[in-house]
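# Summary of the model geometry
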Amino acid sequence: MRIWSVEGNHQRLDGGAMFGNCPPALWQQWLPPDEFNQVRIANRSLVVDDLNGHTVLFETGSGAFLDPGLRNRFGIEADHNLLPDSLSAAGFSLPDIDVVVLSHLHFDHAGGLLTDWQDGLEPELLFPNASYIVAAEHWERACRPHPRDRASFIPRLQTLLDTGHRLELIDSDRSVTLGNDVQFRFSDGHTPGLMLSIIGGDGGLAYCSDLIPGRPWVHLPVTMGFDRYPEQLIDEKKVFLDEMMQRKIHLVFCHDADCAQATPIRDDRGRYRVTDECPTIVALEL
Ligand SMILES: [Zn+2]
């Protein structure tokens, strides 16, 4: 298989919300904010060819399905979905994608599945030949959201995806569609049933999603204000990082604007950090 990172629409979000209870004096060193205290974050996906016979997209970013007012509120920079152009630059068209794996269904991870906002029209799905893989536990949450994260979901999306034969719900570490080429891990600290994908086994890549959205969050105590159970997330992150280090698996970050991939290590004080940072992933053979 070969792997590319592809960029969706960047966002500008409040730095305090991105770093939870972390003191500003610390996070502002790691990710300097603009004059509005906002930080620029990526919405990065992976596209993989020849994965158990499929062309697979992991995650879709935010897209541009929101109306201009909400797009502005959530700091989404471009007024159209950049994902199709990024896929095209990597050599893929929308019909090429036959599987989309979604770590969870918050709009900044799944909104790129949808057509751009047009006044008076409902959004439709973008990928004509795709089937979809979502964790079963998360699907339940998306269909019955809690008031705390209801605004993060796209109600129409669940209706569009729920066509039966094109939706595979996952409750184990493998999917029927992707076989042994992808192993799943689960975390509940950010949202119930967040699904992490390990692509290519030992020495491969792990799509860390919102468990570890970028390099600063590799440090165990750093969590996002959006996480529902930060202490649980920290415990899950430690288990995940220990497994990745033991199996020499590299981390892929969805929200780090300057780093797509890095290798986890522990420093001489035992703190988790990364090395071998790469801004993009281009036709990586696994
Ligand atoms: Zn999320």
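Shown above is the structure to which this text applies.
Residues numbered from 1 in each chain as written. Predicted model: local features only at pLDDT ≥ 70, side-chain atom pairs only at ≥ 80, totals over all residues.

## A look at the overall build of the chain
Looking only at helices and strands, one finds eight helices and 15 strands in the chain. Relative to a compact globule of 286 residues, whose C-alpha radius of gyration would be 19 Å, the chain shows 18 Å and is just as compact. Its C-alpha atoms give the chain principal-axis dimensions of about 50 × 45 × 35 Å. Per-residue burial for the chain yields a buried fraction of 47% across its 286 residues. Counted over contacts in the chain with a minimum sequence separation of 6, partners at least 24 positions apart contribute 68%. (Helix = DSSP H or I, 4+ residues; strand = E, 2+ residues; numbered from the N terminus. Rg over C-alpha atoms; globule rule 2.2 N^0.38 Å. Buried ≥ 20, exposed ≤ 12 C-beta atoms within 10 Å, placed from the backbone. Contact = placed C-beta atoms within 7 Å.)

## A few points about the sheet that holds strand 11 (residues 205-207)
An order of 9-10-11-12-13-14 is seen for the six strands of this open sheet, with the pairing classed as mixed. The two strands at the open ends of the sheet, each matched to only one other strand, are strand 9 (182-187) and strand 14 (272-278). Strand-to-strand twist of the sheet, defined as the mean angle between neighbouring strand axes without regard to direction, takes the value 30°. Relative to strand 13 (residues 261-266), strand 12 (residues 250-252) runs antiparallel, the two sharing two bridges. Following the sheet pairing, Leu 251 is matched in strand 13 by Ala 262. Sheet strands in contact with helix 8 (residues 230-246) are strand 9, strand 10 (194-199), strand 11, strand 12, strand 13 and strand 14, and its direction is about 95° off that of strand 13. (Pairing = 2+ DSSP bridges. Axes fitted to C-alpha atoms, helices over the stretch in contact; angles between N-to-C directions.)

## Details of helix 6 (residues 136-143)
Residues of helix 6 that are buried include every one of His 138, Trp 139 and Ala 142, and no others. Considered in projection along helix 6, the buried side chains sweep an arc of 105° and stay on one side of the axis. Against the buried residues of helix 6 lie strand 7 (131-135), helix 7 (155-161), strand 8 (167-170) and strand 10. (Arc of directions from axis to C-beta.)

## Some words on the nonpolar core
Residues Val 100, Ala 206, Cys 208, Leu 251 and Val 252 are the most contacted members of the largest nonpolar core, which totals 80 residues. The element contributing the most residues to this core is strand 10, with five residues. Excluding residues within four positions of it along the chain, Val 100 makes contact with Leu 57, Thr 60, Leu 113, Phe 127, Ala 130 and Tyr 132. (Core = buried A, V, L, I, M, F, W, Y, C linked by C-beta atoms within 7 Å.)

## Concerning the pairing of strand 10
Most of strand 10 sits out of view: six of its six residues are buried. The pairing of strand 9 with strand 10 spans six bridges and is antiparallel. In the strand pairing of strand 10, Arg 185 is matched with Leu 196. Counted between consecutive antiparallel strands, the loop separating strand 9 from strand 10 contains six residues, among which Gly 193 sits at a positive phi close to 75°. Two successive antiparallel strands, strand 10 and strand 11, enclose a turn made up of five residues, where Gly 200 displays a positive phi of approximately 85°.

## With respect to the environment of Trp 27
Within the secondary structure layout, Trp 27 lies in helix 2 (residues 24-30). Distance from Trp 27 to Pro 216, taken between C-alpha atoms, is 7.9 Å for residues 189 residues apart in sequence. Once residues within four sequence positions are removed from consideration, Trp 27 is found in contact with Gly 15, Phe 19, Cys 22 and Pro 216.

## A word on the sheet that holds strand 8
A sheet is described by the order of its strands in space; here seven strands give the open sequence 8-7-6-5-4-1-15, paired in mixed fashion. One side of each edge strand has no neighbouring strand; the edge strands of this open sheet are strand 8 and strand 15 (284-285). One ladder, built from four bridges, connects strand 7 with strand 8; its direction is parallel. Paired with Ala 135 across the bridge in strand 8 is Ile 170. Where helix 6 meets the sheet, its contacts fall on strand 7 and strand 8, and the angle it forms with strand 7 comes to roughly 90°.

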